[in-house]
Amino acid sequence: MTDEGALHEFRDDPDHRAALEAVLEVDEASDTWAFEDVPVDTGRFGRFVDRGIVEKAGGGYRLVDPDAVRRAVEDGQAASDTAAESSTEEAERGLTEDLDLSAVSTGRLPAVGVTVAVIALFVWTRAYIYPDVFRGGDIVLTANDPYYYRYAVERLLAVSTGPLDLATLTELRGTGSGQGPIFAGRGEPLFLATLWLAASLLGGNATAAGTLLAWYPVGAALLTGALVYLVGARILGDHRVGLVAAISLALIPGFAFRTSLGFGDHHAFDYIWLMATVASLLWVVALDPDDPFARPASWAAGALGVSIAGQTLAWEGSPLVLLALAGYLAVKVPLDVLADRSPLRENAPVLLATGIAAALTLGCHLALGWHSIDVAVVPTLLLVGGLGLATAGDFVRDRDLGVEALLSLEIGGPLVGLVALFLIVPGTVMRLLGGVSFLFLRSNIAEKEPTFTLESALGLELLGPFVLLGLPVMVWGLRRAAAGDRQWLALSAFGWWLLFLTALQLRFAAHLATLLAVFSGISVVWILARVDLTALPVPVQRARSDAEREVGDENRPEPESGPPTGGTRWVEPDSLTVRSGVATLLVVALVVGVSGFYLPGEVEGSIVDDETYQTAKWMNTYADEQGWRYPENYVFSRWGTNRVYNYFVSGVSQNYSRAQSNYTKFVYNDSQASAAWYDRLRNDTGFVVIEPLPRNPGTIQQHLYVTYGSRWTEAVHEAVSHYRAVYASASTRKKVFTLVPGATVIGTAPANVAVEARTTVEIPNESFLYRQQAETGSDGEFELGVPYPGEYEFTAGNETWTATVPEAAVQNGTAVRIGE
């Protein structure tokens, strides 16, 4: 039976209506006919068959209901004529000056409205924390690591003369290679170069750098969302999938966190290149494999090559992500051999892309010093490995050796290569093993924790309901890949590899989110199709068409060779029922409810709290008053906030390794070791910040946090004499100390008695009693060290007296004799 809803849809589209009219003419002239007899493209004809307008009859085709098709064509033409007449009349009345009727009739205005709404969703879910980032005259980036990039961009701006000073790019030669004081150990040269250039164009000062780093993640999210839409709507051919995928990406909590306002880390930049690589690869494999050197294939290969190079140069960890491309080739070549296709010819555009990427990355390494050779050579390894594998595939195919021989080469070849590499350049293999340990060894860095744990609600906290929506499509995609669908092989290679990385470390959850959004888009449209609210997703329609051809429908037309450009109507007019409405509401409630529950916590979790910000500002003011310069004003703190403190105090926030290596040892060392730590820290530390960490009895942290270093008889802590409390936050949860030599108080009292000194110390937001004690000798002499100036009350036995300790004595470590 003919789908009346489809006829309503097709009659309103001029192209579809013309195709229906052409089919009707052929059908009236013959009882059955072949596909070749009608002047209709394969994609449109396939939709006529899928929607029950055309059916198979014997060895050919025929219209299911010619009368219904004739009525639809006539009604559509009448409606078109009426609309044209109405438009002419309105034009004659001058109304067309006020209303663009062509925009209304073609749906451009609704499309613009939807685009604006999706952009607003992306921006609002990331930028609603604006007051927490832009605080008065300060730009308070979120989290800790963005302050490295802020420091680096400001340094680049300081050494450059403007955006045309391309010599500045060579300043990044230290990234990833341990050279240079600014960028030692960093591996994001393209990211830093892009930030420097953009900041130069925006004004070339610290404000421009801060503003750029605050807003760039939001812009990167929009670009990534656009690429996700492109994959769903243009490459997979269904605008519904593209739109749902973009909305899904906007709502995935982990992705929103990594692309939120103020989170100026390198991650958001990486996602653009990741999705560009995936989109370009899908474009390449969608083109006609029989003409791999045509102009479209060359353009697609060029886009893929640039994307691979950008991915590599953006981040030193990119080889991990690009392993998915290696996995694609490792599966694709054996499938080509099984299908009796030439692997070299089939994969020529992909191999050309790796060659372009190899030339670009090695060129940047040799000319600018970007990246270590271990990273810069990765696209070259992809090229060599891919060429070798494809050549081996052709060899096996030409000699009919069987795919088993090729699989043996795939497994044995890399093992032999690793052994040879170890014998020739053992350092490279050790660095490779270090990269593997990076994945599997745990640390105190939160983002290296696994994702699918009970604490993270089995991944819902970071990935929302989209992990539940996307996984079934990923499984279905494996079946499509095994059946020879090159696009789904590419999607599966990246999707499943990123799922594996995400399972190991939650830092990859947002990488996975980009692919998961596409899978979720297909899943949501499929669910709505199951309740007859809309048509099946185009990828599912194609799969069904392929399945029908496999079971013997040779006359069914092949799918279009290039990327499809259309989709289907969102809602079928006759399918709006209570059942479909309830199902739609349930899907929306699932997506919005779960995402809405977790997303704010993820986005707000990295905000620098007000106490940390105010503490940093206070230390900056204090350091300026003291005339301290770096490293005199270095802040020794917990490493997770170390860059934040040091940026606002000294502007030097490139490294937290000192705090990461030593702070925990310091706070949890025995209180009696405080003097030894003072000797280690005093020459290059201005402030020590103590926070409410888990307390261990008898430690420096417990002593300084509870009593500000005063004598504490309850815990048997003797007073410290080199740690001077200067500030407490509003809640007193954060306490700041400076390191001072301390004054040595010398005096006399009765022999062999305890002498206690007390003074009340006033600091911002707190006051406390500082107590210090010493024993007199047989001659009645005593001496004790104190870190605070002021008037002290001394008690020895029944005697009490007061004395003043001057500021100079505390700062210079000189002796003060009292009682004379």
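Refer to the structure presented above.
Keep in mind it's a predicted model, so treat the numbers as computed, not measured. (Residues numbered from 1 in each chain as written. Predicted model: local features only at pLDDT ≥ 70, side-chain atom pairs only at ≥ 80, totals over all residues. Heavy atoms only, no water.)

As for the sheet that holds strand 10 (residues 754-763)
On the basis of which strands lie adjacent, the open sheet formed by 4 strands has the order 11-10-13-14 and antiparallel pairing. The sheet is open, and its two edges are formed by strand 11 (766-775) and strand 14 (799-805), each paired on a single side. The average undirected angle you get between the axes of adjacent strands in this sheet is 25°. (Pairing = 2+ DSSP bridges. Helix = DSSP H or I, 4+ residues; strand = E, 2+ residues; numbered from the N terminus. Axes fitted to C-alpha atoms, helices over the stretch in contact; angles between N-to-C directions.)

A few points about the nonpolar core
Within soluble globular proteins, side chains that are nonpolar generally end up buried alongside one another. Phe-255, Leu-281, Tyr-328, Trp-370, Phe-494 and Phe-687 are the most contacted members of the largest nonpolar core, which has 145 residues in total. Considering each element in turn, this core owes the most residues, 14 residues, to helix 13 (residues 267-286). Those residues within four positions of Tyr-328 in sequence are excluded, and the remaining contacts are Leu-281, Val-285, Asn-347, Val-350, Arg-486, Leu-489, Ala-490 and Ala-493. (Core = buried A, V, L, I, M, F, W, Y, C linked by side-chain atoms within 4.5 Å. Buried < 20%, exposed > 50% of the residue type's maximum accessible area, 1.4 Å probe, protein only. Contact = heavy atoms within 4.5 Å.)

Quick notes on the packing of aromatic side chains
Within the structure shown, the criterion is met by 38 aromatic pairs. Plain terms: the ring middles of Phe-255 and Tyr-271 are 5.5 Å apart, the flat faces sit at 40° to each other, and that makes the pair tilted. On the criterion of sequence distance, the pair formed by Phe-255 in helix 12 (residues 253-258) and Tyr-271 in helix 13 is long-range, its members being 16 residues apart. Just as Phe-255 is buried, Tyr-271 falls in that class too. Note on Phe-768 and Tyr-788: the rings are 5.8 Å apart at their centroids and 70° apart in plane angle, and the pair reads as edge-to-face. Placement of the pair is Phe-768 in strand 11 and Tyr-788 in the loop between strand 12 (781-786) and strand 13 (790-796), with a sequence separation of 20 residues. Given the relative accessible area of 9%, Phe-768 is considered buried. Accessibility expressed as a relative area gives 2% for Tyr-788, which makes it buried. Here the aromatic cluster, defined as three or more aromatic residues joined through ring pairs, consists of Tyr-148, Tyr-149, Phe-191, Tyr-216, Phe-269 and Trp-273. (Phe/Tyr/Trp six-rings, centres within 6.5 Å; stacked < 30°, edge-to-face > 60°.)

Description of the pattern of salt bridges
The final tally for this structure, using the stated rule, is 23 salt bridges. Among the ionic pairs, Asp-340 bridges to Arg-397, the shortest N-O distance being 3.1 Å. In this pair, Asp-340 is assigned in the loop between helix 15 (318-338) and helix 16 (343-346) and Arg-397 in helix 19 (residues 378-398), connecting sequence segments 57 residues apart. Since its relative accessible area comes to 53%, Asp-340 is described here as exposed. With a shortest N-O distance of 2.5 Å, Arg-758 and Glu-756 are connected by a salt bridge. Taking the relative accessible area as the measure of exposure, Arg-758 reaches 35% and is therefore partly exposed. Residue classification places Glu-756 among the buried positions, given a relative accessible area of 10%. (Salt bridge = Lys/Arg side-chain N within 4 Å of Asp/Glu carboxyl O.)

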